[in-house]
Amino acid sequence: MQPFFTPPEAEDVRSTLRLDRATTPIRLIGQVIRSRPWLTAGAALMAVLHQIGEVLVPVVVGRAIDGPLAERDAAGTLLAVLALGVVFLVLATAYRFGARMAHSAASYVEHELRMLVTDRLTRPNGLGGRHRAHGDLLTVASTDAQAVARTKLLAFFPVGEVAAVVAGGVVLIAIWWPLGVGVLCGAAVTALVADRLAAPLAHRLRASQQASGAAASVAADFVSGLRVVSGLGASEEAGRRYVRSSRTALRAVLRSNGARAQLGGMTQVTGGVFVAATAALAVWAALAGLLSVGELVMVVGISQMLVEPMSVLGRNIGVVWATGLASSRRVLEVLDAPDAVPDPLEPAAAPAGERLAGAVPLEIETGEGGLSLAPGELAVLDADREGSREILAALSGEDPESVLRLAGEETSSWPVADLRRHVLLATGEDFLFAGTVRENVSRGVVDEARMIGACEAAGCADVLRVLPGGVDAPVGEAGGRLSGGQRQRISLARALAADPAVLVLEDPTTALDSVTEVDVARSVARFRRGRTTLVCTSSPAWHSVADRVLSNDDVEVQP
Amino acid sequence: MSAPAAPGTAPETTLPIARPGQVWREILRLAAPHAPRILASVVLLAAAAACGLVLPWLLGAFVDLLSGDGAPSWIEGTGGFWRAVAAMVGALVAGAGLQAAGIVLSAGAADRVVASLRERAVGSALGRSQAEVEAAGTGDVVSRSSDDVAAVTTAVNQSMPALTGAGAGIVVTLIGMASIHWAFALSLVVTIPVYWFSVRRYLRVAPGMYHRERAERARRAGVVLGAARGGRTVRAYGMAGFLRGPLAATSWVVARMNVLVQIATTRLFGGVNLAEFLGVAALLGTAFLLLDGEAVTLGAATSAVLFFLRIFDPVGAVLMTLDQVQSALTSLSRIVGMAGPRRGAGDGPEDPEPREKAADGAIPRGGDLMIEGLLAGYGAEPVVRGVDLAVPAGTSVAVVGASGAGKSTLAAVVAGVREPQGGKVTIDGRPVHGIPAGRRARTVALVAQEGHVFPVSLRENLDLASPGAEDGTLWEALRRVGLEDWARALPGGLDTVLGPEGVDPEPELAQQLALARVAVLDPAVLVLDEAASRSAEDDDALARAAEGLRRGRTAMIVAHRLSQARTADRILVMEDGRVVESGGHEELVAAGGRYADLWAATHEGRRED
């Protein structure tokens, strides 16, 4: 049988977070803590039970010292031991299930947060705002998502710790009320002082997090630029530069260690003074005949037992909160990043399939000029960098000044996803994902026949012949197992397989040798016959298969 | 549990994972220089633990005083009461101070060890051949040098003080108990089998789980990194749905593993609670027997019980670190595994001579390139099958041929980045693969297909291969590749930060920068692999840059455009790993062979012709 609270093998897709633009970092943490309320409440309840059990241990021991032990009563001692067994059974069971509930709730919400971040990364509208290094995005999706999710544990541990203080206070009030009141006030003061001390720690902790994050992204960057580094024999120098940022990170960590230890020491002193004061008061009361020996043991046992929860109360809340808040800010910065290409304010879906199914005309008007393609035409745009950039910006919707008309419809009112579906911009530098050739070309949506047809048209036949496993050969990370020319042909096959109404190919065959290029250009022209296609290239191979070759003069307004 | 199907399926060749022995040796080696710091921290933490015993001991004394069993005389009366209070407070404050100092020392030592470990690890990752890193997956390498390093740092930060502090606490407390009566310490023997059993059960399952959790985390990193790097492609094709599968699968597996690890941990704590119960029960029983036999006073029995209640937390803390130590060891075995002995290209003896000396004179500036019987490839089937070639100093040779003919592999081997499977490459009679990696690039440098821009300053981008190069040299290099005007216009000149956070150059510019980097290095032999491939023949800036760099040195150009090849002194036509034709442009065109075919094919479509 599986242990209780074993997570299911299949992804739990429940969404518990409701984020919008008004979500602040603190509110995000609030939502994380409130998500999956039953599991969370269960965990909190178990934490309370566990801590009450912990408080009862010194109570039972005190009773035993006062009664059966002082009176040398064997049966009474045995009874006390049995009572202790029951208390331990309760506290152990409560911890076992409470911890499982808390950690599964935290893991589920962490997964959900991570998916929100990656969904944002893969949205067709793109990530606007400031540019981010890939390593940074990885940090947000892994480390930061985790730190935010860990705030969920604030519904577990601190709750139990507060319960311990309350339960301890109740027991102490029952023994001798001034002592109980004193302990509760002392607990509150200790928690407040600990909290006050956490603020500078939080600040230094943030700095050290940033520095070690920087060291991590330097590592990521040097490793991904390995081709350059090894070609130049610069791995030692790259290593030295990594060492430099690692030392910066180390200095920050050492500084935060100092802060952490200081905080630990201070909370220990406040807690210690609290225990000593309680003990002194109890001893004084016992000497005055107000407490029995067993009650003295109870009081001291309970206050000793309370020191740990109280001192970690501040630390738990302080550290988890500060780290979570910093990460929450970074997660939201990505989630709230503006779209690089925003959807129109009142989007209207692109017309249904049949209107864009066959040969469709395309018109582009840019500020400086434009071009139009006849239905089903294959045109080559051989313009300089400026000229083709204008046209490509218009086609991608990135240039709000330009107008794009597909089958007579202005695309500016379409959601970006629709525009991308019908006007595909593929470049010779597109990315191949780790996985097989089949997965990359079909993207899980294209049927077998079209996938194979597209591969053949893109000149992949001989690539597939040499790859072990053919279409099921893994391409490696970023297509790293293939040569530049192989990569380019497979990504061209992917573009052809997508079969958009308008296919725009930007420098699609730069890594191919001249002979292969001529063959590929011809077969692509055949494959796209009857579908509108624009190829931006200056390669002669494409010129020969084009219905029309456009130059700078054709896309610019003549002065 | 089945692994999710692909993108992001596990690579075939993974980086090694170090054995426990290797890990411990490495830790000891790295920790040795910090021994005084570690020793001092152990002493401080033991003293802190001893301070913690003062309070329960005094309480026992007061119990004796109350029950008239003969307490120490200095706590009697009002003065004695206040003396005792002062002792309690003093011990607590001293204990806190000692503990804090001990924590700073032990954490500082541990963090320094971790820092040197990660530096060594990343250094060796960078020293690995590109083929190795790509086979293992960049995600794995990155995750070992970031996630695993972070895991070790956290574990070490939290477990070092607990392990040393709590360890000292437990030992000191047991001594305290035995000093009251040996039977108290002895009665705790009943707890040992319970501790032993639950720890053993935990250690049987937990390490495997941690290994899996880390491996899954690395895979997740690879998939997420792919989604970030391929962002443009993902958006163009609306591949969000396609990538969501593997992203969700890897993320869920990690989430699931997290909980499974917690379940194992809660089982361990169940055992700990049982042991605690048995311990208290045994102490109560022992106390009853000793009291019944008048062997101890009630106060002494009270102290003993209070002592034991005190070590609940330290024992829990030690066992908690068991968990973290376990997890840290897993990460460590991955880090040490990566940092293990380097293999592959560029692995030479450490460069004993300083760079300057190597630059002037150690390597004579010639550049006679000789290739003899070269065999190279990735697996059993060589991709380059027997190439012989002599390129006299200062001349250039272009390699043309269809994709997959072996051109890029030939270039990588000639540049010393990849090891040959047979044959040899020499420059001025000196084998290329015998030159230490750090110095090799001054003899022969490879400009690869992609222009990678590092997110650091322009200066650091340029002097990567020649650290400390003078500004004059850098500007001269920029001028040679036609980037001088661009660089002059930058807001911070050479100190402008490039990349996503600063000035992000276009791909063409990035390639020109790559050429400038090589110009700074000024190698005798230059290998250009598809460097000018993105631009077509008329796209001149890059072609001119490459031409400027090539002038006056031996060059091997992997050409995709025949126009690039045309200007070379000699042209090789490769097919299926062999050279099938060789000669000057006119000569080959006149010969009417493979090259002449290629030439005709390229020109049949040209509008201008």
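Residues numbered from 1 in each chain as written. Chains lettered and ligands numbered in written order. Predicted model: local features only at pLDDT ≥ 70, side-chain atom pairs only at ≥ 80, totals over all residues. Heavy atoms only, no water.

Colleague: Explanation requested: the overall build of chain A in the structure shown.
Modeller: Secondary structure summary: chain A contains 18 helices and nine strands in total. Relative to its length of 559 residues, chain A is extended, with a C-alpha radius of gyration of 34 Å against a globular reference of 24 Å. Here chain A, with 559 residues, has 61% of them falling under the buried criterion. A separation threshold of at least 6 residues defines the contact pool for chain A, and within that pool the share at least 24 residues apart is 81%. Summed over all atoms, the accessible surface of chain A reaches about 21,500 Å², with 60% contributed by carbon and sulfur. Looking at charge distribution, chain A has the averaged site of its 51 positive side-chain charges lying 8 Å from that of its 59 negative ones. (Helix = DSSP H or I, 4+ residues; strand = E, 2+ residues; numbered from the N terminus. Rg over C-alpha atoms; globule rule 2.2 N^0.38 Å. Buried < 20%, exposed > 50% of the residue type's maximum accessible area, 1.4 Å probe, protein only. Contact = heavy atoms within 4.5 Å. Areas by Shrake-Rupley, 256 points an atom, 1.4 Å probe, with all protein chains shown as cover. Lys, Arg positive; Asp, Glu negative; His and termini not counted. Charge placed at Lys NZ, Arg CZ, Asp CG, Glu CD.)

Colleague: Help me out: how do you make sense of a negative patch on the surface in this one?
Modeller: Residues and elements named next belong to chain A. On the surface, Glu 368, Asp 384, Asp 553, Asp 554 and Glu 556 cluster together to form a negatively charged patch. Along the chain, the position of Asp 553 falls in helix α18 (residues 552-555). According to the relative accessible area criterion, Asp 553 is exposed, its value standing at 53%. (Patch = residues over 30% accessible without salt bridge, like charges linked within 9 Å, V, L, I, M, F, W, Y side chains within 5 Å. Salt bridge = Lys/Arg side-chain N within 4 Å of Asp/Glu carboxyl O.)

Colleague: Sorry, what's going on with the nonpolar core here?
Modeller: Side chains of a nonpolar character, in soluble globular proteins, are inclined to be buried together. Among the nonpolar cores identified, the biggest contains 84 residues, and Leu 84 and Leu 291 of chain A are the most heavily contacted of them. By residue number, the principal contributor to this core is helix α9 (residues 293-335) of chain A, which donates 10 residues. Leu 84 of chain A has contacts with Val 57, Val 60 and Val 61 of chain A together with Phe 277, Val 280, Ala 281 and Leu 284 of chain B, leaving out every residue within four places of it along the chain. (Core = buried A, V, L, I, M, F, W, Y, C linked by side-chain atoms within 4.5 Å.)

Colleague: How should I be thinking about the domain arrangement of chain A in this particular structure?
Modeller: The figure often quoted for interface size is the accessible area lost as the parts come together. In terms of domains, chain A is made up of domain 1 (24-335) and domain 2 (352-554). Computed over C-alpha atoms, the centres of domain 1 of chain A and domain 2 of chain A are 54 Å apart. (Domains from an automatic or database assignment.)

Colleague: Would you take a moment to explain the side chain of Thr 554 of chain B for this structure?
Modeller: Residues and elements named next belong to chain B. By the secondary structure assignment, Thr 554 is in strand β8 (residues 554-558). Taking relative accessible area as the criterion, Thr 554 reaches 0% and is therefore assigned buried. Of note is the side chain of Thr 554, whose polar atom sits 3.0 Å from the backbone nitrogen of Gly 394. (Polar contact = N/O pair within 3.5 Å; in protein donor to acceptor, adjacent residues only side chain to side chain.)

Colleague: How should the sheet that holds strand β7 (residues 502-506) of chain A be read in this particular structure?
Modeller: Either a parallel or an antiparallel arrangement is found when strands of a sheet pair, and the pairing is made through backbone hydrogen bonds. Residues and elements named next belong to chain A. Strand order across the open sheet formed by five strands is β6-β7-β8-β3-β9, with parallel pairing between neighbours. The open sheet has two edge strands, β6 (423-427) and β9 (548-551), and neither has a second partner. When strand polarity is set aside, the average angle formed by the axes of neighbouring strands in this sheet is 20 degrees. Its contacts with the sheet place helix α10 (residues 385-396) against β3 (378-382), β6, β7 and β8 (532-536), and it is angled at close to 135 degrees to β6. (Pairing = 2+ DSSP bridges. Axes fitted to C-alpha atoms, helices over the stretch in contact; angles between N-to-C directions.)

Colleague: Hey, could you run me through unusual backbone geometry in this one?
Modeller: Residues other than glycine predominantly adopt negative phi, and peptide bonds predominantly adopt the trans conformation. Residues and elements named next belong to chain A. Phi angles above zero are rare outside glycine, and Phe 5 is one such case at about 70 degrees. If you trace the backbone, Phe 5 turns up in the segment before α1 (25-34). Even without glycine at this site, Ala 407 takes up a positive phi of about 50 degrees. Mapped onto the fold, Ala 407 is located in the loop between β4 (403-406) and β5 (409-410).

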